[in-house]
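Report on the structure
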Amino acid sequence: MEAKQLIIMVIYTILVQIIAIIGYKVIARPKRKMLESAEKRKTEEQDINNRIFLHMTDGIIAFDMEGKIVLINPAAKKLLSISPEDSNFEQVFGKFNLDINMEKIIYLENWTSTEERIEVEDRFVKAFFAPFRNENDRPAGVIAVLQDITEHVKLDNMRKEFIADVSHELKTPITSIMGYADTLLEGEYDKEIQQKFLNVIATEARRMAKLVTDLLTLSRYDNNKNQLQKEQFDLGELVKKCQDKLAIEIKKKGHDVNCFVTADVPPVYADKSDVERVVLNILSNSIKYTPDNGKISIYVGFVYNDAYIKVLDNGIGIPEEDLNRIFERFYRVDKARTREMGGTGLGLSIAKDLLDKNGGSIDIKSIVGEGTEVVIKIPTKIK
Ligand code: ADP
């Protein structure tokens, strides 16, 4: 080989290598980098997926064809109180008496009812079941998605109870009005009996009217239609005004009512008509639920940033087991007796709503047979 040819070959080899290096730099290295970053992205995505799976509030369990758990997140364990020994479909769902099994979900073609409601201790869980398939489109198992619906169920029950209560509360006076009116229409009665029947009709009609007014108040507050009209006013004066408004009822029952106002109570800042409504309710409760010739004391004072009204009576009192329920709508300690007294069971729940809206609070202590103490607090500063 000639020296010239040799030089050409060497140069050629060098050129090929240079091209190879350049090619590697231009094509292969970025490609490897691309592969590396795709892999990194994939790991990151997987990491995010794992974190979502671990921290999501809905529960997820996947079962293989044998019913064994292949995937489960902490939410599912918590929602169904799954113990470490529970490892298959039967152990997880068997105890809930559901009308489902793996075969049904996987093989039943017209499987429609994929949703089940499960009661676990004091919780309600909604479970969706669906089959899943492998890459060859063959059945590979079942996936269960679990949702905590406890709050939803509670609200739904409250709504049903509320409708039942309202219907019942309205039905009682309507039945009695209809009964007395029909009796009057059908017979010839002397003036005295007519008067008695008409009195019952008037009382029942008034009770219905009060109930409807209370319901409208509640509904207005529930829909936030009532705008608060806060202003500064004197609490002692308002309490005395309420006492005057109830003077007839107080006199009828022969109660001894005294109001004591401490000198240093600054003006309160709240919706005056709301506070008046609350005070009227509390005071009329004390009048109603205290036997004749009872003693009612009202104190108006000031602690920290709040002014307070304390109403103390020596009435029938409220049993301890009822105390934490009396703020519920329609809750009455003795339904029949309080209904006779004209109560709707809505007064205290309205009072609580109104005070909450005005930044105040209400607290009741009571001993059966001894009496009841109600304390309401109302803010004095613009909050
Ligand atoms: P009501 O319209 O029936 O008076 P409230 O919501 O104002 O409704 O009160 C709820 C229940 O709490 C009453 O039915 C009554 O049983 C009880 N209660 C409220 N205040 C008193 C009180 N001062 N003394 C005894 N029981 C009371």
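Residues numbered from 1 in each chain as written. Predicted model: local features only at pLDDT ≥ 70, side-chain atom pairs only at ≥ 80, totals over all residues. Heavy atoms only, no water.

**Some remarks on the side chain of Thr290**
Examined against the element boundaries, Thr290 turns out to sit in the loop between α9 (272-288) and β9 (295-303). Engagement of the side chain of Thr290 in a polar contact is seen with the backbone oxygen of Ser286, the distance being 2.5 Å. (Helix = DSSP H or I, 4+ residues; strand = E, 2+ residues; numbered from the N terminus. Polar contact = N/O pair within 3.5 Å; in protein donor to acceptor, adjacent residues only side chain to side chain.)

**So, the nonpolar core**
In this structure, Leu235 and Ile376 are the most contacted members of the largest nonpolar core, which totals 45 residues. No other element matches α9, which puts six residues into this core. When residues of this core are assigned to domains, at least three map to each of domain 2 (155-226) and domain 3 (231-383). Leave out the neighbours within four places in its chain, and Ile376 touches Val278, Val279, Ile282, Ala307, Tyr308, Ile309, Leu355, Ser361 and Ile362. Core analysis: the next-biggest nonpolar cluster, separate from the first, contains 23 residues, Ala76, Ile82, Phe89 and Phe93 among them. (Core = buried A, V, L, I, M, F, W, Y, C linked by side-chain atoms within 4.5 Å. Buried < 20%, exposed > 50% of the residue type's maximum accessible area, 1.4 Å probe, protein only. Domains from an automatic or database assignment. Contact = heavy atoms within 4.5 Å.)

**Side note on the packing of aromatic side chains**
Two measures describe an aromatic ring pair: the distance that separates the ring centres and the angle between the ring planes. Inspection of the entire model under this criterion finds nine aromatic pairs. Taking 5.5 Å as the distance between ring centres and 45° as the angle between the ring planes, the aromatic pair formed by Phe162 and Phe330 counts as tilted. Remark: Phe330 occurs in the loop between α10 (320-323) and α11 (335-340) and Phe162 occurs in helix α5 (residues 150-186); sequence separation between them is 168 residues. Residue class for Phe162 comes out partly exposed when judged on its relative accessible area of 27%. Pairwise contacts between aromatic rings join Phe63, Phe89, Phe93 and Phe129 into one cluster. (Phe/Tyr/Trp six-rings, centres within 6.5 Å; stacked < 30°, edge-to-face > 60°.)

**Focus: a nonpolar patch on the surface**
On the surface, Ile7, Val10, Ile11, Ile14, Leu15, Ile18, Ile19 and Ile22 cluster together into a nonpolar patch covering about 730 Å² of accessible area. Turning to its location among the elements, Ile14 is positioned in helix α1 (residues 3-55). (Patch = residues over 30% accessible without salt bridge, like charges linked within 9 Å, V, L, I, M, F, W, Y side chains within 5 Å. Areas by Shrake-Rupley, 256 points an atom, 1.4 Å probe, with all protein chains shown as cover. Salt bridge = Lys/Arg side-chain N within 4 Å of Asp/Glu carboxyl O.)

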